[in-house]
Amino acid sequence: MSSSSNVKATKTVTFKSSCTSTGESIIVKADEDLNVDSSGNSKSSFAFGDKYYFRVFKTSGISGYKITKSDGTVTPNGTGKTVTITESIKFEKSDTAKTSCPITSVNSITWQGTDLGTIKKSASREVTSEVSGVAVGQLCYESSYDSYYITVQQPSNYDKEQNAGYEVLIFVDEMSAA
């Protein structure tokens, strides 16, 4: 058995975010559209030196943010990009429901059972229905984000024989307005 210098490690990236502004939020997620292999399938592991793409979504009240990481180099990959998101939302005896990302515009809702009528954006991460009730729907909406990627080089003290996992933490926090 020959040893290879191209070590394929399981590199895990974890995200955390923090906001000081009331009612505002920063959401950080892996970019599943760009983290793919040559066949277009989602990648589950990344070698040292590979680009790992992620998105930073922020509500409109956030004027800026800072990215800190435990290892590697973070590189901007474009700002103000738009993505179409379809997700399940729940109305719990209410006429409002929360979304996972900030809403730029609402495209459509497909009700699963009870129909609460037309949906409109009512806050950065909230929609309102015509009537109150208990319902679930598949909401399709547009959201804006900033794109980044991180690359991590193999540390000199990395144990190639163990081929252990390696974890990187990316922390995104709101910058206070001066």
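Bear in mind the structure is a predicted one, so any value in this text is a computation, not a measurement. (Residues numbered from 1 in each chain as written. Predicted model: local features only at pLDDT ≥ 70, side-chain atom pairs only at ≥ 80, totals over all residues. Heavy atoms only, no water.)

Caption draft 1: Expanded view of the overall build of the chain. Helices and strands together make up the secondary structure of the chain, namely zero helices and nine strands. Start at the N end of the chain and walk to the C end: the helices and strands fall as β-β-β-β-β-β-β-β-β. In the chain, the share of contacts with a sequence separation of at least 24, taken over all contacts with a separation of at least 6, comes to 76%. For the chain, the accessible surface area stands at approximately 10,100 Å², while carbon and sulfur atoms represent 45% of it. (Helix = DSSP H or I, 4+ residues; strand = E, 2+ residues; numbered from the N terminus. Contact = heavy atoms within 4.5 Å. Areas by Shrake-Rupley, 256 points an atom, 1.4 Å probe, with all protein chains shown as cover.)

Caption draft 2: Geometry of the side chain of Thr-99. Position of Thr-99 among the secondary structure elements: in the loop between strand E5 (73-98) and strand E6 (105-111). The class of Thr-99 is buried, set by a relative accessible area of 3%. Setting aside chain neighbours within four positions, we find Thr-99 in contact with Glu-87, Ile-89, Arg-125, Glu-126, Leu-139 and Tyr-141. (Buried < 20%, exposed > 50% of the residue type's maximum accessible area, 1.4 Å probe, protein only.)

Caption draft 3: Inspection of the environment of Phe-48 at higher detail. Its place among the elements puts Phe-48 in the loop between strand E2 (26-30) and strand E3 (52-58). Residue class for Phe-48 comes out buried when judged on its relative accessible area of 13%. Put simply, Phe-48 and Tyr-166 are 118 residues apart on the chain and 9.4 Å apart in space, counted from C-alpha to C-alpha.

Caption draft 4: Just the environment of Ser-143, in detail. Within the secondary structure, Ser-143 is located in strand E8 (residues 126-151). Discounting residues that sit within four places of it in the chain, Ser-143 has contacts with Phe-57, Lys-81, Thr-82, Val-83, Ile-85, Cys-101, Pro-102 and Thr-104. Separated by 2.5 Å, the side chain of Ser-143 and the backbone oxygen of Pro-102 make a polar contact. (Polar contact = N/O pair within 3.5 Å; in protein donor to acceptor, adjacent residues only side chain to side chain.)

Caption draft 5: Local environment of the packing of aromatic side chains. What the rule picks out here adds up to nine aromatic pairs. Aromatic side chains Phe-91 and Trp-111 sit 5.4 Å apart centroid to centroid with 50° between the ring planes, which places their arrangement in the tilted category. Of this pair, Phe-91 sits in strand E5 while Trp-111 sits in strand E6, and the two are 20 residues apart along the sequence. Like Trp-111, Phe-91 is buried. Taken together, the ring pairs connect Phe-15, Phe-46, Tyr-52, Phe-54, Tyr-65 and Tyr-148 into an aromatic cluster. (Phe/Tyr/Trp six-rings, centres within 6.5 Å; stacked < 30°, edge-to-face > 60°.)

Caption draft 6: Structural view of the side chain of Glu-142. Locating Glu-142 in the fold gives a position in strand E8. Here the side chain of Glu-142 touches Asn-107 through a polar contact of 2.6 Å, side chain to side chain. Those residues within four positions of Glu-142 in sequence are excluded, and the remaining contacts are Thr-82, Val-83, Thr-84, Pro-102, Ile-103, Thr-104, Ser-105 and Asn-107.

Caption draft 7: Spatial organisation of the pattern of salt bridges. A complete count under the given rule lists four salt bridges for this structure. For Arg-55, the salt bridge is made with Asp-31, and the minimal N-O distance between the two is 3.0 Å. With Arg-55 in strand E3 and Asp-31 in the loop between E2 and E3, this residue pair connects regions lying 24 residues apart in the sequence. Among the ionic pairs, Asp-33 bridges to Arg-55, the shortest N-O distance being 2.8 Å. Here Asp-33, found in the loop between E2 and E3, pairs with Arg-55, found in strand E3; they are 22 residues apart in sequence, far enough to count as distant. (Salt bridge = Lys/Arg side-chain N within 4 Å of Asp/Glu carboxyl O.)

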